[in-house]
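Fold and geometry: a report
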Amino acid sequence: MTRIAPTPSGYLHLGNAANFAANALLARRWGLDLLLRIDDLDRARFRPEYLQDIFDVLEWLGIAPTVGPRDPADFAAHWSQERRMPLYVAALETLRSRARAHVFACPCSRTELADGVHAHDCLNANISLSEAGVAWRINTRGTPLHASIPDFVVRKKNGRPSYQLACTVDDRHFGVTACARGEDLRDSTAAQAMVSDLLGYPKLAERIRFIHHPLLTVGGEKLSKSQGAAGVRDGGMSQEEIFAIAEGWIATP
Ligand SMILES: [Zn+2]
């Protein structure tokens, strides 16, 4: 199984569309199921029109996922990440019990962490994970991840699972075996491999074949989600052009 995993926190752009196409091509090439997994943990930025946009873009591209929600109503009823919250909570408890040496509580604000040093001496202070208002972080010291995403969060200060935690759990839950994602997520993949190990899952690299593809640029500009409604359909590329780009991304090994 491969997956398309957008977030309904903005309108999609051509780069997202090309990523969808890459995963659809992988599914076809290797005879895999194609999962539509909409990552909606960020409720503050969620808007119904962004959710609808995901289905509209898939339809425009002619991509029909074989697993996942059929429409926004089906999504809300059965496929929202809120429905899998018990899985995430259980995984966090597993980290607490199984990987306590790697997880620490951190009450630092963004500003207090600005220079990468914990103002509350969190690594040594042995703050209880049960304390209110602390984030749970993974100690990345001594790993290559420390330069890119130091001490990444697995549980946010509001008690909710982080993207890295939920993504790791979801990929295992659904049995994902292949995934094309942007090269900007290379560090995320490494973080998820670490979480996977700490949870006692089989090695991520042996379960999932990741293809990290370049980010699509138009006229040298990186694309962002803020380009407004109908961003994909009015983006100046046909479906065929989008699939041709995606084909190039997955052509190499
Ligand atoms: Zn801290």
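Residues numbered from 1 in each chain as written. Predicted model: local features only at pLDDT ≥ 70, side-chain atom pairs only at ≥ 80, totals over all residues. Heavy atoms only, no water.

Moving on: the overall build of the protein. Of regular secondary structure, the protein possesses nine helices and nine strands. Relative to a compact globule of 253 residues, whose C-alpha radius of gyration would be 18 Å, the protein shows 19 Å and is just as compact. Summarising its shape, the C-alpha atoms of the protein cover approximately 55 × 40 × 35 Å along the three principal directions. A buried classification covers 47% of the 253 residues belonging to the protein. In the protein, once contacts between residues fewer than 6 apart in sequence are set aside, the share between residues at least 24 apart is 73%. Accessible area of the protein: about 12000 Å², with a carbon and sulfur share of 52%. Averaging the coordinates of the 29 positive side-chain charges in the protein and doing the same for the 29 negative ones gives two points 5 Å apart. (Helix = DSSP H or I, 4+ residues; strand = E, 2+ residues; numbered from the N terminus. Rg over C-alpha atoms; globule rule 2.2 N^0.38 Å. Buried < 20%, exposed > 50% of the residue type's maximum accessible area, 1.4 Å probe, protein only. Contact = heavy atoms within 4.5 Å. Areas by Shrake-Rupley, 256 points an atom, 1.4 Å probe, with all protein chains shown as cover. Lys, Arg positive; Asp, Glu negative; His and termini not counted. Charge placed at Lys NZ, Arg CZ, Asp CG, Glu CD.)

Taken together, Cys106 (SG), Cys108 (SG), His118 (ND1) and Cys122 (SG) make up the protein donors of the zinc ion, found 2.1 to 2.3 Å from the metal. One can describe the donor arrangement at the zinc ion as tetrahedral, given that its four donor atoms subtend angles of 102 to 116° at the metal. Here the donor residues for the zinc ion map to a single chain with the spacing C-x1-C-x9-H-x3-C. One end of the pair, Cys108, is in the loop between β3 (103–106) and α5 (122–125); the other, His118, is in the loop between β3 and α5, with ten residues separating them in the sequence. Grouping residues by exposure puts Cys108 and His118 together as buried. (Donors = N, O, S within 2.8 Å, 3.2 Å for Na, K, Ca; no water. Tetrahedral: all angles 85-135°; square planar, octahedral: opposite > 155°, others 65-115°.)

So, on to the domain arrangement of the protein. For the protein, the domain assignment lists domain 1 (2–81 + 175–251) and domain 2 (86–155). When each unit is reduced to the centre of its C-alpha atoms, the spacing between domain 1 and domain 2 is 28 Å. Of the residues lining the interface, twelve residues belong to domain 1; the matching set on domain 2 comes to 16 residues. Of the roughly 1100 Å² buried between domain 1 and domain 2, counting both surfaces, carbon and sulfur atoms make up 77%. Joining domain 1 to domain 2, the criterion identifies zero salt bridges. If you look at where domain 1 meets domain 2, you find three residue pairs in polar contact (both at pLDDT 80 or more). Class assignment of the residues belonging to the side of domain 1 that touches domain 2 gives a composition of seven nonpolar, three polar and two charged. (Domains from an automatic or database assignment. Buried area = accessible area lost by both parts, 1.4 Å probe. Salt bridge = Lys/Arg side-chain N within 4 Å of Asp/Glu carboxyl O. Polar contact = N/O pair within 3.5 Å; in protein donor to acceptor, adjacent residues only side chain to side chain. Nonpolar A, V, L, I, M, F, W, Y, C, P; charged D, E, K, R; others polar.)

Let us look at the state of the cysteines. Counted under the stated rule, the structure contains zero disulfides. In this model Cys179 remains outside any disulfide bridge; the closest cysteine sulfur is found in Cys167, 7.3 Å from its own. A relative accessible area of 1% places Cys179 in the buried class. (Disulfide = S-S within 2.5 Å.)

Turning our eyes to something else, we now look at the packing of aromatic side chains. With the rule as written, the count across this model stands at two aromatic pairs. Aromatic side chains Tyr11 and Tyr50 sit 5.0 Å apart centroid to centroid with 90° between the ring planes, which places their arrangement in the edge-to-face category. Of this pair, Tyr11 sits in the loop between β1 (2–4) and α1 (14–30) while Tyr50 sits in helix α2 (residues 48–61); the two residues are 39 residues apart in sequence, bridging distant segments of the chain. Residue classification places Tyr50 among the buried residues on the basis of a relative accessible area of 11%. Measuring from centroid to centroid gives 6.3 Å for Trp79 and Phe174, while their planes differ by 20°, and the two rings are stacked. In this pair, Trp79 sits in helix α3 (residues 72–79) while Phe174 sits in helix α6 (residues 163–174), placing the two residues 95 residues apart along the sequence. By relative accessible area, which is 21% here, Trp79 ends up partly exposed. Across from the ring centre of Tyr201, 5.0 Å away, lies the NZ or CZ of Arg172, which sits over that ring. (Phe/Tyr/Trp six-rings, centres within 6.5 Å; stacked < 30°, edge-to-face > 60°. Lys NZ or Arg CZ within 6 Å of the ring centre and 35° of its normal.)

Attention shifts here to the pattern of salt bridges. When the charged atoms of two side chains lie near each other, side chains of opposite charge can form a pair. By the definition in use, this model includes 14 salt bridges. Linking Glu247 and Arg29 is a salt bridge whose minimum nitrogen-to-oxygen distance equals 2.6 Å. Here Arg29 lies in helix α1 and Glu247 lies in helix α9 (residues 239–251), a separation of 218 residues in the sequence. The exposure class assigned to Arg29 is partly exposed, which follows from its relative accessible area of 42%. Connected via shared salt-bridge partners are Arg3, Arg37, Asp39, Arg84, Asp170 and Asp171.

Now for the layout of surface pockets. Considering only enclosed or pocket space, the second largest pocket measures out at about 520 Å³ in volume. As for the second largest pocket, its lining consists of 16 residues, and the residues nearest its centre are Arg110, Arg137, Phe152, Val153 and Lys156. Looking at the lining of the second largest pocket, the elements that each hand over two or more residues are β4 (135–138) and α6. For the lining of the second largest pocket, a count of residues per class yields eight nonpolar, three polar and five charged. (1 Å grid on protein atoms, 1.4 Å probe; cavity = no way out; pocket = protein on both sides within 12 Å on 5 of 7 lines; lining within 4 Å. Points joined across faces, edges and corners; volume = space filled by probe spheres on them.)

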